[in-house]
Amino acid sequence: MWRLRRAAVACEVCQSLVKHSSGTKGSLPLQKLHLVSRSIYHSHHPILKLQRPHFRTSFQQFSSLTNLPLRKLKLSPIKYGYQPHRNFWPARLAARLLKLRYLILGSAVGGGYTAKKTFDQWKDMIPDLSDYKWIVPDIVWEIDEYIDLEKIRKALPDSEDLAKLAPDFDKIVESLSLLKDFFTTGHKLVSEVIEASDLLLLLGSPGETAFRATDAGSESDKPYRKVSDKEKIDQLQEELLHTQLKYQRILERLEKENKELRKLVLQKDDKGIHHRKLKKSLIDMYSEVLDVLSDYDASYNTQDHLPRVVVVGDQSAGKTSVLEMIAQARIFPRGSGEMMTRSPVKVTLSEGPHHVALFKDSSREFDLTKEEDLAALRHEIELRMRKNVKEGCTVSPETISLNVKGPGLQRMVLVDLPGVINTVTSGMAPDTKETIFSISKAYMQNPNAIILCIQDGSVDAERSIVTDLVSQMDPHGRRTIFVLTKVDLAEKNVASPSRIQQIIEGKLFPMKALGYFAVVTGKGNSSESIEAIRDYEEEFFQNSKLLKTSMLKAHQVTTRNLSLAVSDCFWKMVRESVEQQADSFKATRFNLETEWKNNYPRLRELDRNELFEKAKNEILDEVISLSQVTPKHWEEILQQSLWERVSTHVIENIYLPAAQTMNSGTFNTTVDIKLKQWTDKQLPNKAVEVAWETLQEEFSRFMTEPKGKEHDDIFDKLKEAVKEETIKRHKWNDFAEDSLRVIQHNALEDRSISDKQQWDAAIYFMEEALQARLKDTENAIENMVGPDWKKRWLYWKNRTQEQCVHNETKNELEKMLKCNEEHPAYLASDEITTVRKNLESRGVEVDPSLIKDTWHQVYRRHFLKTALNHCNLCRRGFYYYQRHFVDSELECNDVVLFWRIQRMLAITANTLRQQLTNTEVRRLEKNVKEVLEDFAEDSEKKVKLLTGKRVQLAEDLKKVREIQEKLDAFIEALHQEK
């Protein structure tokens, strides 16, 4: 009978423990009592059934503080009532003897269970090094061939032998029941002693609990004040918080050691142990897919629904600081209150042996452990942002891609967006607010994007703009993680701490979220290091009332827990959506291939870069064709072009003034002086200009002439742009003019004509030049006097009044020339007066200037006709020329002049041809290559110059194939890792 009563006492002990713990958050379940307490058989209480302990699934998904053993708690002494009428010393003696056995057995079992649990936790924290098995020598994996591990395993004791060492709980129950039957009067004292011992076993270490329980029993007869339930709860919460922070520091130390070990392993990988080529990491493969997708023009309704972490928040809410804490480096430009993020920045975090950062389009690595490299990285990001922003704008939708590697970084892809603003300030474009909203919506409307909503905790929640925007894009909060920054300032400034709890629990906003976090991003000093901020954050939460009063849970604080949560959510979203995206791109690829086969069945699928390479080869081939032009062709073109350029100067400024002197000696002197002045000042420069223009014309002819059926008009715009840019860059060698001046001067000094053939060639050249000038003069006179009688009768044309006046003046001047065919080139004043009076007598009013203008053209025609007649007479004058016109009235100095001009043209053309073929064509080819290289690096230029449906279709087809291949490779690697 006493056994049954003793079991009832044990039941009451357990019930009292449950009642005392009801003040804390949630009741203390039976399975959380000490193992010895749960081992007692409750036969008289059928309601309290022993339950099998459930597997503890962590509801704190991202906390490292879960399932940690609680620290010992110093209980306040319990005051018991004093009863003077009875003496309970036999009961006290029996209780102490029984309690000592009970404590020793319980401590052994509890200590073993705690050791096993601690061993399992440490085992879970050890990293998986299965990918680095190849580092270990092969002898390790073959050790079972040399050592019999099975014998060693059999020699160890099994679980059944260890179980025999456990105490017999049935005997413990019987002993307690017997003691209860004998000492019924000490029921209350025994129950409270057992209650205190169980609490000590639950909160403290096994060895210390035994001594503390003994001390409590020895002092139980002393009077103490009774501790209230509220004080016990406060003490438990405070001890629990200290224990959590203690193990948090232990866990961080272990993780730091783990990070160093992984760093050493990765460094050994870099040194090439066994010379094995390491595969790309999953996050790097996934980042490459996103980079290709960012350049892809979704013109076929194929949208980018691949996951990435989109970081949005109000301006100066701490978005950049949160990203830097996750990346563990101060990598972004900073400013006090001004907009620093002007374009989206995609940051790919991955694990590596060294903490470095590099851009997608650059090979330079920035060492994030050095302050000078950090400053250079921030400056480079700022320059790229300003480059992306077009003139007249404040923000840009163009993305900057940055990779950050380092030991211990969580693998994920984050996109930092410009901060949402409420008002456009001075210096901003008028559409800045709308542009930021459109950029944010474009990223958040992706159904698989994880929205990291950053809210400044130091300002009123009602002033937030981003929460309304996020709630519109994700009304159910299935992919939103809410982060409250600057919690230290919020706790200091907010009058009611419960308001922070409402924000964290999502009760203050209409926005719903997948998780809520509170972080501290430093003291507001931009020069703080990441380590200093992390220490300050840990110190703040250790002393914060938010954790002490259970307003915040341990897994909801620190950026480390936030990083773990975001990374887990990111990879979960990736695994759920990546295969669906791969299927959609397969369908798009099939549609594009079908369209190409129907429209361009005989053409290869060349994208814009491949087409540019094909056009580049064609252009270089055409430039090489310049070197195949014959010397004769070059000299003919150069001589003809140079004469067209200088003929007017030779006739008007040299020949006509010298020929009008009517004296052989004066003619030669005038010609020599004018030729010398012309050679020194104008002729070399004119010759170089002619040569450069000739080279341009030939280059343009080769570039633009069609090539028959093989001609592809898709390259026309590109060739024209290359030609114009090359001509703009090419400059003739300045030293050519000096050497050319000497050559031309020597050629014009030579007056000796060696044979009759050269004489005839000079006469022919002179006749052509004079006839061309005579024809021009005739046309000028015709335009001055109007059509003659034949054209008036045949074509029904009439003269104007001015033309009639010019015609009358011309007729009067022609009469004067017939009277004196050797009239000088200028009219005297009395001759002008005579002509004017003769015209007035016929009723024609003329101005003296009109008479002079008409005389110039009339005398010019008369002179040219006279020169041509003289040229015919000189055809037989070579004999007199050889005798220096002795005993002859014929003088052919003008023929000698034109021979000198002709010979100078031939020598100049030969000199320019040599310079063209030996120097300038090669320099032009070099310039063409430089222009093509510049165009190859300028993607905007290629898009502008290579256009059309065919180009765009090939470009889309290439991008879709590339995306699909990268997605397939990523999915395969993802399955292998899983």
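Residues numbered from 1 in each chain as written. Predicted model: local features only at pLDDT ≥ 70, side-chain atom pairs only at ≥ 80, totals over all residues. Heavy atoms only, no water.

Side note on the overall build of the protein chain
Then step 1. For the protein chain, the helix and strand inventory stands at 35 helices and nine strands.
Then step 2. Out of the 978 residues belonging to the protein chain, those deemed buried represent 44%.
Then step 3. Within the protein chain, counting contacts between residues at least 6 apart in sequence, those at least 24 apart form 81% of the total.
Then step 4. Counting every atom, the protein chain has about 54500 Å² of accessible surface; 51% of that belongs to carbon and sulfur. (Helix = DSSP H or I, 4+ residues; strand = E, 2+ residues; numbered from the N terminus. Buried < 20%, exposed > 50% of the residue type's maximum accessible area, 1.4 Å probe, protein only. Contact = heavy atoms within 4.5 Å. Areas by Shrake-Rupley, 256 points an atom, 1.4 Å probe, with all protein chains shown as cover.)

What to know about the pairing of strand S5 (residues 400-405)
Then step 1. The buried fraction of S5 amounts to five of the six residues, a majority that puts the element mostly inside the structure.
Then step 2. When strand S2 (residues 345-350) meets S5, the two strands line up parallel, connected through six bridges. Its bridge partner being in S5, Ser350 is matched across the sheet by Lys405.
Then step 3. In terms of strand pairing, strand S3 (residues 356-359) meets S5 through four bridges, oriented antiparallel. By the bridge assignment, Phe359 is partnered in S5 with Leu402. (Pairing = 2+ DSSP bridges.)

So, helix H26 (residues 735-749)
Then step 1. In a regular helix each residue adds 1.5 Å, so 15 residues correspond to 21 Å; H26 covers 22 Å between its end C-alpha atoms and thus fits that length.
Then step 2. Listing the buried residues of H26 in full gives Ala736, Leu740, Gln744, Ala747 and Leu748. Relative to the axis of H26, the buried residues are bounded by an arc of 90° and lie together on one face.
Then step 3. For H26, the secondary structure elements touched by its buried residues are helix H23 (664-681), helix H24 (683-704) and helix H33 (893-937). (Expected span 1.5 Å × (residues − 1). Arc of directions from axis to C-beta.)

As for a positive patch on the surface
Then step 1. A cluster of basic side chains, namely Lys717, Lys728, Lys941 and Lys944, defines a positive patch on the protein surface.
Then step 2. Secondary-structure elements contributing two or more residues to the positive patch are helix H25 (716-729) and helix H34 (939-945).
Then step 3. Tracing the chain through its elements places Lys944 in helix H34. (Patch = residues over 30% accessible without salt bridge, like charges linked within 9 Å, V, L, I, M, F, W, Y side chains within 5 Å. Salt bridge = Lys/Arg side-chain N within 4 Å of Asp/Glu carboxyl O. Lys, Arg positive; Asp, Glu negative; His and termini not counted. Charge placed at Lys NZ, Arg CZ, Asp CG, Glu CD.)

Thoughts on the nonpolar core
Then step 1. Ranked by internal contacts, the top residues of the largest apolar core, which has 102 residues, are Tyr655, Trp678, Leu695, Trp759 and Ile901.
Then step 2. Of the residues forming this core, the biggest block, 17 residues, is contributed by H33.
Then step 3. With sequence-adjacent residues up to four places away left out, Tyr655 is seen in contact with Val650, Phe667, Met766, Leu770, Phe863, Ala867, Asp894, Leu897 and Phe898.
Then step 4. Residues Val483, Cys569, Val578 and Leu953 belong to the second largest nonpolar core, which totals 68 residues. (Core = buried A, V, L, I, M, F, W, Y, C linked by side-chain atoms within 4.5 Å.)

Some points on unusual backbone geometry
One can expect most non-glycine residues to show negative phi and most peptide bonds to be in trans.
Then step 1. The phi dihedral of Ser316 falls on the positive side, at around 65°, and the residue is not glycine.
Then step 2. Here Ser316 lies in the loop between strand S1 (309-313) and helix H12 (319-327).
Then step 3. In this structure Ser316 comes out as partly exposed when scored by relative accessible area, which is 41%.
Then step 4. Not every positive phi belongs to a glycine, and Gln328 is a case in point at roughly 60°.
Then step 5. Summarising the element assignment, Gln328 is placed in the loop between H12 and S2.
Then step 6. You can call Gln328 partly exposed: its relative accessible area is 23%.

Observations concerning a negative patch on the surface
Then step 1. A contiguous patch of negative charge on the surface is contributed by Glu398, Glu930, Glu933, Glu937, Asp938 and Glu940.
Then step 2. Tracing the chain through its elements places Glu930 in helix H33.

Things to note about the UniProt feature "coiled-coil region" (unreviewed entry) in the protein chain
Then step 1. Here the UniProt feature "coiled-coil region" (unreviewed entry) sits at residues 233-271 and 914-941.
Then step 2. A distance of 36 Å separates the end C-alpha atoms of residues 914-941, which is 96% helix and 0% strand. (UniProt positions renumbered as here; feature names shortened; annotations may be inferred.)

Considering the packing of aromatic side chains
Then step 1. Counting across every chain of the model gives 15 aromatic pairs.
Then step 2. Between Phe482 and Tyr516, the ring centres sit 5.9 Å apart and the planes meet at 55°, which makes this aromatic pair tilted. Remark: Tyr516 occurs in strand S9 (residues 515-518) and Phe482 occurs in strand S8 (residues 480-485); sequence separation between them is 34 residues. Each member of the pair, Phe482 as well as Tyr516, carries the same accessibility label: buried.
Then step 3. Between Trp596 and Tyr600 the ring centres are 4.9 Å apart and the planes differ by 50°, which places this aromatic pair in the tilted class.
Then step 4. An aromatic cluster of three or more residues is present, and its members are Trp643, Tyr655, Phe765, Trp855, Tyr859, Phe863 and Phe898.
Then step 5. Its end group placed over the ring of Phe359, Arg384 keeps NZ or CZ at 4.0 Å from the ring centre.
Then step 6. In this structure, Arg701 is placed above the aromatic ring of Phe702, and the distance from its NZ or CZ to the ring centre is 4.6 Å. (Phe/Tyr/Trp six-rings, centres within 6.5 Å; stacked < 30°, edge-to-face > 60°. Lys NZ or Arg CZ within 6 Å of the ring centre and 35° of its normal.)

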